[in-house]
Amino acid sequence: MPTSPFHSFQVEQFLSDMEHGVVYNFSESGVHPMSLGGLVELTEIDMQTLMATMIDYPQVNGKESLRRTIAGFYPGADPDGVMITVGATEANTLVVNTLLEPGDNLICFRPIYEQFSGNALNHGHDVRWVGLMEDEDWAVDAEALMAAIDSKTRLIHVVNPNNPTGRVLSQADRACVVAAAQKVGAWIVADEVYAGTEREGDTDTASFWGDYDRVLIINSMSKAYGLPGLRLGWLVGPVEVINACWRRHEYAAIAASTLSMELADKALVEPARSKLKERARRLIRTGFDVLTEKLSVHPGVFDVVPPQASAMSFVRFNLPIGSEEFAQRLLHEKDVLVIPGFRFGVENHFRFSSGLPEDHLRDGLDRLNDLTADILQEAAK
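Read on for a plain summary of the structure. For clarity, every value in this text was computed on a predicted model and none was experimentally measured.

### Here we look at the pairing of strand β11 (residues 312–317)
Logical step 1: Taken across its six residues, β11 has five buried, putting it largely inside the fold.
Logical step 2: Two elements, strand β10 (residues 302–304) and β11, share three bridges in a ladder whose sense is antiparallel. Across the sheet, F302 pairs through a bridge with F317, a residue of β11.
Logical step 3: Here β11 runs beside strand β14 (residues 349–353); their pairing, made up of five bridges, is antiparallel. Across the sheet, the residue bridging to S313 is F352, located in β14.

Quick look at the structure:
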């Protein structure tokens, strides 16, 4: 029998139930996806070679040339210390299943994408939450972090840049996370899927790789590259840990898709890689400008700490209803979908993705403002 109740994945459950068929979907966490034709054109893939690909079982830990390319992103990494996974979500699951043992605890920050923590909770592990401080631009609460760790802390999980806030950890925050891990010998598990989606400047957010000897890196093709449908991610770490995760990978998925690995192999080689990130940044920068313009229509209602990266904003609102009701009314009355902050454990917020075509974005935000006007009018009666 299970030792603890099942915890559903609040964000993904909401999306599974709500997102299909909606006209203005602002709930996603990446930029507007590319078409297959757009990817083929950008990467200059030879179609005859692609069409000759055998739809067979691929190398289970990932195509060798793809693993070599990815290892090159992390100085000193061994290609055998890279494993290709079915998205970053499988990588998260494999780390939980491999490194956590009965009695261990782990540190997670909030708000954060809670797939990693949910897996740990469902395996009966003690998840210790450390709140990020909105009034300090979502900075790490160093005192709370140090108070949360103890000799049983096995992992510290970070998403950097953060989902849903778009915050990039400052050098002081990074140093604090490393110091906390070093103090108790914990692993840092760094989800870096939003590196390369910076809103200002074209320098990728620095990886935790090399900051400390117990680091695992998780990344994917979904966010900076605009290719979520490939369902392809990777896990980087010491060879012995990757091999242990590989054994669990054989149970979970056997391997990622052959075609996904072929396409990722082309997309991650220059100049295609830089072109994909340039596309993402262009959508992100234009989209955030439109978002802030439209949110200013109702002064005093909306406020957002500007995200440093990602296509997302975690918007605070001042209305006489909660985030779940606001999101449900947006969906049912205006055909607009956002994710309520309640699903991240934070009220009076919603997550909004603005890395979309501008006309579509403006039309949807007009509808959001229409509902806001309706709610304010109702409250005034």
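More follows now that the structure is in view.
### Concerning the pattern of salt bridges
Logical step 1: Under the defined criterion, the tally for this structure stands at 24 salt bridges.
Logical step 2: Linking E134 and R316 is a salt bridge whose minimum nitrogen-to-oxygen distance equals 2.5 Å. Taken as a pair, E134 in the loop between β4 (126–133) and β5 (139–140) and R316 in strand β11 lie far apart in primary sequence, 182 residues in all.
Logical step 3: In the salt-bridge network here, residues are joined through shared partners; they are K63, E262, D265 and K266.

### Considering the sheet that holds strand β3 (residues 105–110)
Logical step 1: The strand order across the open sheet built from eight strands is β2-β9-β8-β7-β6-β3-β4-β5, with neighbouring strands paired in mixed fashion. Edge positions in the sheet fall to β2 (82–85) and β5, since each of these pairs with one other strand and no more.
Logical step 2: Bridge analysis of strand β6 (residues 153–159) against strand β7 (residues 187–191) gives five bridges, and the strand direction is parallel. The partner of V158 across the bridge, within β7, is A190.
Logical step 3: Each of β3, β4, β6 and β7 touches helix α6 (residues 115–122); the most contacted strand, β4, lies at about 155 degrees to it.

### Examining helix α5 (residues 87–99)
For an α-helix the count is 3.6 residues per turn, leaving residues at separations of three or four pointing the same way.
Logical step 1: With 13 residues, α5 ought to run about 18 Å at 1.5 Å a step, and its terminal C-alpha atoms sit 19 Å apart, in line with that.
Logical step 2: Of all the residues in α5, the buried ones are G87, A88, E90, A91, N92, L94, V95, V96, T98 and L99.

### Remarks on the side chain of S29
Logical step 1: Considering the arrangement of structural elements, one finds S29 in the loop between β1 (24–25) and α2 (36–43).
Logical step 2: Reaching out from S29, the side chain makes a polar contact with the side chain of K223 at a distance of 2.5 Å.
Logical step 3: Setting aside residues up to four positions removed in sequence, S29 forms contacts with N163, Y194, K223, M312 and R351.

Quick notes on the rules
Residues numbered from 1 in each chain as written. Predicted model: local features only at pLDDT ≥ 70, side-chain atom pairs only at ≥ 80, totals over all residues. Heavy atoms only, no water. Buried < 20%, exposed > 50% of the residue type's maximum accessible area, 1.4 Å probe, protein only. Helix = DSSP H or I, 4+ residues; strand = E, 2+ residues; numbered from the N terminus. Pairing = 2+ DSSP bridges. Salt bridge = Lys/Arg side-chain N within 4 Å of Asp/Glu carboxyl O. Contact = heavy atoms within 4.5 Å. Axes fitted to C-alpha atoms, helices over the stretch in contact; angles between N-to-C directions. Expected span 1.5 Å × (residues − 1). Polar contact = N/O pair within 3.5 Å; in protein donor to acceptor, adjacent residues only side chain to side chain.

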